[in-house]
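What the coordinates show
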Amino acid sequence: GDDSRRFGPPFLPHNSEHLTGNVEDERLSTYYLAVNRNKRSLALDLSHEKGRDIARTLAKNWADVVVENFKPGTMKRMGLDYEDLKTDNPGLVYCSISGYGPDGPWSKLPGYDVVIAGTHGLMSITGSPSEPAKVGVAMTDIVTGTMANGAIVASLYERSVHPEGAGQRVDLSLMESQLACLSTAASGALNALPGTPPPGRRGTAHENIAPYQAFKCKDNEYFVIGTGNDNQFRALCEMLNKPELVNDERFLTNAARVSARDELIPLLNEAFSAKNRDEWWEELGGHGFPCGPVRNVKESFECEQAVHRGMALEFEHAVAGHVTVPAHPAKYSRSPIADGIGAPILPPPMLGEHTLDTLTNLVGMAPSEVESLEGEGIISCWRGSSIKEFSDAA
């Protein structure tokens, strides 16, 4: 269950006294730990009718939302599709996420983030002119999850004003989320004159704005700038002590600079090569001009602004020990979030960590029934030490 538990290395160290069996099964990847806090894990075999009966009971009595990402048609074959579950729970919001959507010629194909980044446009605009690149994180996956969240919340709101409190099915795919997020690049390509080349790969540069990219500095580190308008370009030229560029007809407007970028960028490369990255930050930062040093991931979380905003979230895990992950970016004026301060954190669960609790306290099964189901292999219960809450996390 859940392959992402083993997406590594890196894996966090273990406290061996908490392990209940096979270390290979219980060690956790930092990949998994990054995105699974505040969840509960019920390990259930849906290929067995008894397992499906438990799922139906939970959906009927306890679920506002069901989210599934099996291949299209799988849940229908198991009798767990929206049409099956809404009979007993008409207010259910049922979200299906797939690679390419539930119908159409590609609907049966498996979809992974990196594949869809290639097949549907993102790699064509990411990387150097000579070679495509994937984004450094699974951005298509993350965007799809974020869009699913918005669609679910919208459906719950719509349910609250629906005269019968009816739920609905929401379906979205990695492909469609990917295409939607091509955004301005897609608009440019779809509305271009016939024969116009599609947007291409420009490294850190922008297709429609110049200069808007990273420049190599004296110490071989990089410094990034964004000149979104002509005033900002003039400010850049003044700060770089390049006043002759301000009135150069080739660079008077953004459209002119985009057309003449092959002439402009070498001049700026030369200017930025005169100082180290942090020297440029000291000189240009804090003057209202959009710019900054290109930092690695660890440096980014150590940045004074990220520290001030509390973007590194710490908690204790029963198996993995002390864990630090990215915090939620939204801050609310009134509502607490599970960050260890406003509300307790539930650490990312071990596989089946909450099976026993869920079946006894929600479904109402006797412990002997749970034991019998576990003996049949229909459920799995993790019986190690479980850390439920940590209100003292940073």
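Read on for a plain summary of the structure. (Residues numbered from 1 in each chain as written. Predicted model: local features only at pLDDT ≥ 70, side-chain atom pairs only at ≥ 80, totals over all residues. Heavy atoms only, no water.)

1. Regarding the overall build of the protein chain
Selection rule: Helix numbers and strand numbers start at the N terminus; a helix is a DSSP run of H or I with at least 4 residues, a strand a run of E with at least 2. The classification of residues rests on relative accessible area computed with a 1.4 Å probe and restricted to protein chains. Under 20% of the type maximum is buried, over 50% is exposed, and intermediate values are partly exposed. Using the Shrake-Rupley algorithm and a 1.4 Å probe, accessible areas are obtained, with residue cover drawn only from the displayed protein chains. Counting rule for charge: Lys and Arg are taken as positive, Asp and Glu as negative, and neither His nor the chain ends is counted. All charge positions are set by atom: Lys at NZ, Arg at CZ, Asp at CG, Glu at CD.
Within the protein chain one finds 17 helices and 12 strands. Summarising its shape, the C-alpha atoms of the protein chain cover approximately 85 × 50 × 40 Å along the three principal directions. Of all 394 residues assigned to the protein chain, the portion counted as buried reaches 37%. Of the roughly 22200 Å² that the protein chain leaves accessible, carbon and sulfur atoms contribute 53%. Here the protein chain carries 36 positive and 52 negative side-chain charges, and the mean point of each set is 2 Å from the other.

2. A look at a nonpolar patch on the surface
The criterion, for reference: Surface patches are drawn from residues lacking salt bridges whose relative accessible area is over 30%; two like charges belong together within 9 Å, two nonpolar side chains (Val, Leu, Ile, Met, Phe, Trp, Tyr) within 5 Å. Each reported salt bridge corresponds to a side-chain nitrogen of Lys or Arg within 4 Å of a carboxyl oxygen of Asp or Glu.
Among the surface-exposed residues, Y112, V114 and V115 lie close enough to one another that they form a single nonpolar patch of about 290 Å² accessible area. Topologically, V114 is positioned in helix α6 (residues 113-119).

3. Some remarks on unusual backbone geometry
The peptide bond linking G8 to P9 adopts the cis configuration, its omega dihedral lying at 10°. Note that P9 resides in the segment before α1 (23-26). Each neighbour pair has its own omega, and for P9 with P10 the value is 10°, a cis peptide bond. Tracing the chain through its elements places P10 in the segment before α1. For N38, which is not a glycine, the phi torsion comes out positive at approximately 60°. As for its placement among the helices and strands, N38 is situated in the loop between α2 (30-35) and β1 (43-44). Of note, the phi angle at N220 is positive, near 70°, even though the residue is not glycine. Relative to the helices and strands, N220 resides in the loop between β7 (212-216) and β8 (222-226).

4. What about the nonpolar core?
Quick note on the threshold: Take the buried Ala, Val, Leu, Ile, Met, Phe, Trp, Tyr and Cys residues and link them wherever side-chain atoms come within 4.5 Å; each set so joined is a nonpolar core.
F223, I225 and F272 are the most contacted members of the largest nonpolar core, which has 21 residues in total. Counting residues per element, the ones that place at least two in this core are β8, α10 (230-239), α12 (261-272) and α13 (277-284). If one sorts the elements of this core by residue count, α12 sits on top with five residues. Counting residues in each nonpolar core, the second largest holds 14 residues, with L33, L313, F315 and V323 among its members.

5. Topic: the side chain of S96
Where we set the bar: Think of a polar contact as two N or O atoms within 3.5 Å of one another; within protein, one of them needs to be a possible hydrogen donor and the other a possible acceptor, and neighboring residues in sequence only count if both atoms come from side chains.
With respect to the element layout, S96 can be found in strand β3 (residues 93-98). A polar side-chain atom of S96 sits 2.7 Å from a polar atom in the side chain of E68.

6. Looking at the layout of surface pockets
Using the following cut-off: Think of a 1 Å grid over the protein atoms and nothing else: a 1.4 Å probe that fits but is trapped marks a cavity, an open set flanked by protein within 12 Å on at least five of seven lines marks a pocket, and residues with an atom within 4 Å of a point count as lining. Grid points are joined across faces, edges and corners, and a volume is the space filled by probe spheres set on the points. Three classes are used: nonpolar for Ala, Val, Leu, Ile, Met, Phe, Trp, Tyr, Cys and Pro, charged for Asp, Glu, Lys and Arg, and polar for all others, with Gly counted as polar.
As a volume, the second largest pocket reaches approximately 530 Å³. Looking at the second largest pocket, it is lined by 19 residues, and the ones nearest its centre are T30, V297, T324, V325 and P326. Secondary-structure elements contributing two or more residues to the lining of the second largest pocket are α2, α14 (297-302) and β11 (321-326). Taken together, the residues of the lining of the second largest pocket sort by class into 14 nonpolar, three polar and two charged.

7. Notes on the pattern of salt bridges
Throughout the structure, instances matching the rule amount to 17 salt bridges. Among the charged side chains, a network of salt bridges with common partners joins E49, R52, D53 and R56.

8. Considering the sheet that holds β7
Quick note on the threshold: When DSSP finds two or more bridges between two strands, those strands count as paired. Under this scheme, a helix contributes an axis fitted over its contacting stretch, all axes are lines through C-alpha atoms, and angles between N-to-C directions fall in the 0 to 180 degree range. Between two residues, a contact is recorded if the distance between any of their heavy atoms is within 4.5 Å.
Spatially, three strands are ordered β7-β8-β9 in an open sheet, and the strand pairing comes out antiparallel. In this open sheet, the two strands that pair with only one neighbour each are β7 and β9 (291-293). Going from strand to strand, the sheet's axes swing by 20° on average, the running direction of each strand aside. Relative to β8, β7 is paired through five bridges, and the arrangement is antiparallel. By the bridge assignment for β8, K216 is matched with Y222. Those strands touched by α13 are β8 and β9, and its axis lies near 150° from that of β9.

9. Comments concerning the sheet that holds strand β2 (residues 65-68)
Across the sheet, three strands lie side by side as β2-β3-β6; this open sheet has parallel pairing. Across the chains shown, the open sheet's two edge strands, defined by having one partner strand only, are β2 and β6 (168-173). Neighbour-to-neighbour, the strand axes of this sheet turn through a mean angle of 15°, independent of strand direction. Pairing of β2 with β3, which is carried by four bridges, proceeds in the parallel orientation. Opposite V66, over in β3, you have Y94 as the bridge partner. Its contacts with the sheet put helix α7 (residues 139-161) on β2, β3 and β6, and the angle it makes with β6 is roughly 165°.

10. Looking at α10
Quick note on the threshold: Regarding the arc, it is the one traced by the directions from the helix axis to the C-beta atoms.
Those residues of α10 lying buried are F233, L236 and C237. Along the axis of α10, the buried positions cluster into a sector of 95°, meaning they face one direction only. In α10, the exposed positions that point more than 90 degrees away from the buried face belong to N231 and E238. Elements that come into contact with the buried residues of α10 comprise β8, α11 (254-259) and α12. Sitting at the amino-terminal end of α10 is N229, which places a side-chain oxygen 3.1 Å from the backbone nitrogen of N231.

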